[in-house]
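# Coordinate analysis (summary)
What follows is the residue order along each chain.
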Amino acid sequence: MSVYRRYNYRAYPTQGQRDALSRLYGACRYAYNWALDQRELMRRRHGRMQSYTQLSGMFTQWKNTPGMDWLLAVSSTPLQQSIRHADVAYRNFFRLYKAGRTHIVINHLTGKKRRTGLPRFKSRRDGEQSAEFTKSARFKVGHADGCKWGFLTLPKIGRVKLRWTRDLPSTPNTVNIMRHADGSYEASFTVQVDGETDTPKPLHEACGIDMGLDSLMSIVYTDGTREKIPHPRTLKRHARRLRKLDKQLAREKKGSANHAKTRILRAKAYSRIQNQRKDMAYKLASKVAGENQAVALETLNVKGLARTHMAKSLLDANWTRIIDRIRQLGVQYGRTVKRIDRWYPSSQICSICGRRDGRKPLDVRVWKCPKCGALLDRDWNAAVNILNAAGLAESLNARGGDVRRGLAQAGRNADARETGTRRTVSLH
Ligand SMILES: [Zn+2]
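These numbers come from a predicted model, not from an experiment. (Residues numbered from 1 in each chain as written. Predicted model: local features only at pLDDT ≥ 70, side-chain atom pairs only at ≥ 80, totals over all residues. Heavy atoms only, no water.)

## Details of the coordination of the zinc ion
Within the first shell, the zinc ion binds the protein through Cys350 (SG), Cys353 (SG), Cys369 (SG) and Cys372 (SG), at distances of 2.2 to 2.4 Å. Coordination at the zinc ion is tetrahedral, judged from the 4 donor atoms that bind it and the angles of 108 to 113° they form at the metal. Taken in sequence order, the residues that donate to the zinc ion follow the motif C-x2-C-x15-C-x2-C. Linking Cys350 in the loop between β14 (336-340) and β15 (366-368) with Cys372 in the loop between β15 and β16 (375-377), this pair joins segments that are 22 residues apart in sequence. (Donors = N, O, S within 2.8 Å, 3.2 Å for Na, K, Ca; no water. Tetrahedral: all angles 85-135°; square planar, octahedral: opposite > 155°, others 65-115°. Helix = DSSP H or I, 4+ residues; strand = E, 2+ residues; numbered from the N terminus.)

Next comes the structure, spelled out in structure tokens:
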């Protein structure tokens with residue numbers, strides 16, 4: 001099975017290349033917005049849409065009309081790609097629209113109406129700018145063995161320096177050159193690789209995972225071990241600096257040079273948080289998917305929780321990204337990933353005798369089952385229940401009821417470290 005992988009490198013364009021890129025981004029943005037416009041016109045007039053080929057042909061004609069020569073001054077492939085992206089975005093919207101799954105929302109501040117799901121126009125003020133080159137643009141990547149730097153040659157841009165952090169497994173199909181909000185550049189390649197070569201061997205048959213805000217994850221394994229992964233609290237660690245930059249920004253005059261400088265500093269601080277979150281999510285997901293043949297997870301109501309006072313902590317927890325990544329890797333590695341219904345009362349049932357106790361407030365971390373008397377840890381108990389509900393707990397049953405008791409019990413030294421299995425989790 002061959003799959004596409006992304007390989008990203010930090011890019012360091014020269015000032016001249018930055019100017020050229022900025023012109024290219026402008027043209028790509030224009031092409032994207034133009035395509036969305038054409039699509040919307042066609043829908044309003046005829047209730048249908050043009051094919052990508054038609055749209056692309058129309059754009060070529062449009063480029064050659066007087067006054068549009070600035071579009072001819074940049075490489076044409078990224079413009080075609082932008083039209084392709086707009087085409088995909090619009091098709092996705094149209095599918096939802098026809099299924100009756102979009103509706104009108106009104107912004108209470110401005111009174112403006114907007115249909116949900118409609119692709120947004122790109123703006124010069126968006127933090128992220130990007131342009132994509134395909135093979136047909138004949139971009140080239142060069143790297144000398146052992147050298148810290150690589151080079152990406154792009155048409156009408158030139159040779160852009162890349163920080164070479166790892167080798168590309170084969171010739172890339174596309175490259176996306178991005179400019180982030182903090183002013184840094186990145187080149188992202190898609191490469192076709194053989195998917196089976198790097199599948200890790202699972203260490204456990206199955207695991208059940210309870211996700212929470214106290215511990216990010218509480219994991220119990222069918223071999224009788226368990227572990228908790230602490231909440232990263234990335235935002236909290238950066239909160240002071242962010243607050244300071246926000247205050248500074250409020251003091252400075254809009255449009256002044258200092259204001260612009262502070263804005264970049266703040267964008268940099270945020271992008272550092274973003275990177276740490278992403279890094280954490282990817283590491284955790286590859287650990288979970290790599291170590292287990294089967295994984296049982298809850299389906300979380302992230303949107304519902306995000307409206308509560310826990311929103312910030314929730315963003316930091318990054319659940320959606322972690323779960324998506326686990327599923328992605330699960331497919332890639334051939335693992336079973338089971339999701340438990342969101343309404344399953346995993347924290348109300350005693351995992352040992354099955355008695356259903358009522359709801360408990362979030363601050364109740366440990367409770368005693370009134371029927372069997374087991375002292376249960378909220379998170380461990382929920383994780384065992386999730387494993388159970390997914391039908392993955394058979395090997396626990398075979399080992400006897402005591403395994404389950406041990407796994408769900410509070411205060412018992414069943415943590416992986418103590419039972420001798422080595423764990424290397426270092427998530428910030
Ligand atoms: Zn019980």
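## With respect to the sheet that holds β14
The sheet built from 5 strands is open, its strands ordered β12-β11-β10-β13-β14 with mixed pairing. Looking at which strands have only one partner, the edges of the open sheet turn out to be β12 (226-230) and β14. Going across the sheet, the axis of each strand differs from the next one's by a mean of 20°, ignoring polarity. Sheet analysis places strand β10 (residues 204-211) next to strand β11 (residues 215-221), joined by 5 bridges and oriented antiparallel. Paired with Ile209 across the two strands is Ile219, which belongs to β11. (Pairing = 2+ DSSP bridges. Axes fitted to C-alpha atoms, helices over the stretch in contact; angles between N-to-C directions.)

## Overview of the domain arrangement of the protein chain
Taken domain by domain, the protein chain holds domain 1 (2-10 + 129-194), domain 2 (16-115) and domain 3 (204-231 + 284-419). Between domain 1 and domain 2, roughly 1400 Å² of surface is buried when both sides are summed, and carbon and sulfur atoms account for 61% of that area. At the surface where domain 1 touches domain 2, the tally comes to 0 salt bridges. Inspection of the domain 1/domain 2 interface yields 7 residue pairs in polar contact (both at pLDDT 80 or more). Elements with a minimum of two residues in the side of domain 1 that touches domain 2: β4 (129-134), β7 (158-163) and β8 (174-179). Broken down by element, the residue count for the side of domain 1 that touches domain 2 peaks at 6 residues, all from β4. (Domains from an automatic or database assignment. Buried area = accessible area lost by both parts, 1.4 Å probe. Salt bridge = Lys/Arg side-chain N within 4 Å of Asp/Glu carboxyl O. Polar contact = N/O pair within 3.5 Å; in protein donor to acceptor, adjacent residues only side chain to side chain.)

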